[in-house]
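Descriptive analysis of the structure
Here's the letter readout for the chains.
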There are 2 protein chains.
Amino acid sequence: MNKIVMIGAGNVATHLSKALAGAGMDISQVYSRTAEHAAQLAKHVGADYTDDIDCLLTDAYAYIFAVKDDVIATLAKAVADRVGDNHLFVHTSGSTPMTCLKEATKHYGVIYPLQTFSKDREVNFKEIPCFIEAVDEDAEGMVRMLAESVSDRVVAMCSEQRRLMHLAAVWSCNFVNHCYDVADGIMQACDLPFELLLPLIDETARKVHELSPRKAQTGPAVRYDRRIIDAHLGLLAGQPQLADIYERMSKSIKEQSEKSE
Amino acid sequence: MNKIVMIGAGNVATHLSKALAGAGMDISQVYSRTAEHAAQLAKHVGADYTDDIDCLLTDAYAYIFAVKDDVIATLAKAVADRVGDNHLFVHTSGSTPMTCLKEATKHYGVIYPLQTFSKDREVNFKEIPCFIEAVDEDAEGMVRMLAESVSDRVVAMCSEQRRLMHLAAVWSCNFVNHCYDVADGIMQACDLPFELLLPLIDETARKVHELSPRKAQTGPAVRYDRRIIDAHLGLLAGQPQLADIYERMSKSIKEQSEKSE
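Residues numbered from 1 in each chain as written. Chains lettered and ligands numbered in written order. Predicted model: local features only at pLDDT ≥ 70, side-chain atom pairs only at ≥ 80, totals over all residues. Heavy atoms only, no water.

**Here we look at the overall build of chain A**
Counting secondary structure elements, chain A contains 10 helices and 8 strands. Overall, chain A is about 65 × 40 × 30 Å in size when its C-alpha atoms are taken along their principal axes. For chain A, with 261 residues in total, the buried portion stands at 58%. Contacts in chain A between residues at least 24 apart in sequence constitute 54% of all its contacts with a sequence separation of at least 6. Carbon and sulfur atoms form 47% of the exposed surface of chain A, whose accessible area is close to 10,700 Å². (Helix = DSSP H or I, 4+ residues; strand = E, 2+ residues; numbered from the N terminus. Buried < 20%, exposed > 50% of the residue type's maximum accessible area, 1.4 Å probe, protein only. Contact = heavy atoms within 4.5 Å. Areas by Shrake-Rupley, 256 points an atom, 1.4 Å probe, with all protein chains shown as cover.)

**Comments concerning the relation of the copies chain A and chain B**
The transformation that overlays chain A on chain B combines an axial shift of 0.0 Å with a rotation of 180°, and the residual RMSD is 0.0 Å. One copy is carried onto the other by what is essentially a two-fold rotation axis. Judged by C-alpha distance, A:Val176 is the residue of chain A that lies nearest the rotation axis, at 2.5 Å. Taken as a fraction of all interface residues of chain A, those also at the interface in chain B reach 100%, which identifies the copy contact as same-surface. (Least-squares fit on C-alpha atoms with pLDDT ≥ 70 in both.)

**Here we look at the pairing of strand 2 (residues 26-31) of chain B**
All names here are of chain B. In terms of burial, strand 2 is largely enclosed, as 5 of its 6 residues are buried. With 5 bridges joining them, strand 1 (residues 3-7) and strand 2 adopt parallel strand pairing. Across the sheet, residue Ile7 finds its bridge partner in strand 2, namely Tyr31. A crossover links strand 1 with its parallel partner strand 2, the connecting element being helix 1 (residues 11-22), and its sense is right-handed. Sheet analysis places strand 2 next to strand 3 (residues 48-50), joined by 3 bridges and oriented parallel. Looking across to strand 3, one finds that Tyr31 is bridged to Thr50. Between the parallel pair strand 2 and strand 3, the chain is carried across by helix 2 (residues 35-45), and the sense of this crossover is right-handed. (Pairing = 2+ DSSP bridges. Right-handed = clockwise from strand over helix to strand, strands pointing away.)

**Brief notes about helix 9 (residues 226-235) of chain A**
Within helix 9 of chain A the residues assigned to the buried category are A:Ile228, A:Ile229, A:His232 and A:Leu233. The arc that holds every buried residue of helix 9 of chain A, seen down its axis, measures 140°, which confines them to one face. In this structure, the buried side of helix 9 of chain A is in contact with helix 8 (220-223) and helix 10 (240-259) of chain A together with helix 5 (159-189) of chain B. (Arc of directions from axis to C-beta.)

**Section: unusual backbone geometry**
Residue and element names in this part refer to chain A. With a phi close to 45°, Tyr224 is a non-glycine residue in the positive phi region. Position of Tyr224 among the secondary structure elements: in the loop between helix 8 and helix 9. Look at Tyr224 and you get partly exposed, because its relative accessible area is 24%.

**Re the interface of chain A and chain B**
Interface size is commonly expressed as the accessible area that is lost once the parts come together. On the chain B side, the residues contacting the 91 residues of chain A number 91 residues. Overall, the association of chain A and chain B removes approximately 9,100 Å² of surface from exposure, summing both partners, and the carbon and sulfur fraction of that is 65%. By the criterion of area lost to chain B, the three top residues of chain A are A:Arg121, A:Trp171 and A:Leu200, representing 9% of everything that side buries. Inspection of the chain A/chain B interface yields 8 salt bridges. For A:Asp244, the salt bridge identified is with B:Arg248, shortest N-O distance 2.2 Å. Where chain A meets chain B, there are 32 residue pairs in polar contact (both at pLDDT 80 or more). The set of elements that each furnish at least two residues to the side of chain A that touches chain B consists of strand 7 (129-134), helix 5 (159-189), helix 6 (198-207), helix 7 (213-216), helix 8, helix 9 and helix 10 of chain A. Per-element tally for the side of chain A that touches chain B: the top contributor is helix 5 of chain A, with 25 residues. (Buried area = accessible area lost by both parts, 1.4 Å probe. Salt bridge = Lys/Arg side-chain N within 4 Å of Asp/Glu carboxyl O. Polar contact = N/O pair within 3.5 Å; in protein donor to acceptor, adjacent residues only side chain to side chain.)

**Observations regarding the confidence of the model for chain A**
Segments scoring low in pLDDT should not have their predicted coordinates read at a detailed level. With 99% of its residues at a pLDDT of at least 70, chain A reaches an overall mean of 95. Per the prediction output, this complex has pTM 0.92; the corresponding ipTM is 0.92. (pLDDT = per-residue confidence, 0-100.)

**A look at the packing of helix 1 (residues 11-22) of chain A against helix 4 (residues 137-150) of chain A**
Residues and elements named next belong to chain A. Where helix 1 contacts helix 4, the axes come no closer than 8 Å and their chain directions differ by 85°. Overall, the two elements helix 1 and helix 4 adopt an arrangement that is roughly perpendicular. For the pair helix 1 and helix 4, contact is made by Leu16, Ala19 and Leu20 and by Leu146, Ser149 and Val150, respectively. The residue inventory of the contact of helix 1 with helix 4, partitioned by class, reads 5 nonpolar, 1 polar and no charged. (Axes fitted to C-alpha atoms, helices over the stretch in contact; angles between N-to-C directions. Parallel < 35°, antiparallel > 145°, perpendicular 65-115°, else oblique. Nonpolar A, V, L, I, M, F, W, Y, C, P; charged D, E, K, R; others polar.)

Set out below in structure tokens:
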């Protein structure tokens, strides 16, 4: 009766499955087109696994699609062909509208956990904001129950807002991490350990708990210290792509700071 | 005998003066060309203040120049003309070579605290890595004593390494904070509170304590999910400068991830 099938075995599927299983939910089966990945995750959560859609359980109440955005709709149709259209289908994507599930079933929704998941790193799912959406009240009840079993921060949100929030997440996580990566490369080039930057990285993140990022900005770009900016561009001369990003980021910082003056 | 004069009253001067005073050092005088700023900081650390170089104390053992990079050399010369060349001169800049002080005095060095300082935010100076350099052993002894009085993480470093580390700091702090600022703008545009992003921001920073940034990378760029990237570029169409940075960051993430495969 309370069976859940997880479609996908990547980072989101893994962390969400573990959290659901940890909350006492019954993940009965994991599907991935790569049997090995399905098996690995299934083992963690005490589930069966399959790489064959024709072997999917047909009596689960929810099928959660934690797969790449561009395969959600097609895969949902294929799963519905096997299991029928009387189950709850949920996807976990930030940028995909909820309606991409409507061709597959009448009962659908979204649980979008806003976090950066890596396989080898545990996270405390309870703290992760989960944004939910559902096609009707019945579906919303089920989606909310699932989301609240794993997270203390469940917020209803429409597809359009979720899409913009995903864009904000790319800036505040993926691009931030790439900045760390560029810094790591610079440190390596002069034989310095990346660890020396960690207090700075931590304080930069902590600061925006109290100050707006606009107010928290420091450094040569916000002062528009052209001498230092040019010296830094000189140091990046061998990496024109990074020099280019450096110049554009500095200009953008300057313009934003002028706007708020 | 143990008098220190602080030249400058900006963010670095403020936090460093407070830390030195807190460690029992005698900040006797604060100089700023803006009397009001000098007075403000002087009040905090129980010092005199002046906006007139001709009123500088002449019997301090150390003069610390926490001022904009491009005025350090000129100001140091002017101070030496007033106080003589027998004192320790120290600057606090990441990108300025130590030798910019050599025209002013025989005894000089650098204390570069690697942190982002804002006036309204207290920091724990003890945790801040401080990178020191000095012209000779005598000066190094004094510089180290000053640095170790405020920080538990004092590391000797030459001007060239410090210059590169400052560049790494711009990426891992200033550019990171600008990414937060862009995300804040996106959230505001869809009436969502920036706070929703904080768990993601915190985890992104925590992750690189354990994984290298290269390994920690997630998101549409590292998967090079062109459909999402193009959708995000569409959302940024009204801000061509940000769209441009988005495209270049995504390409750079993709290329770095291909390199490490």
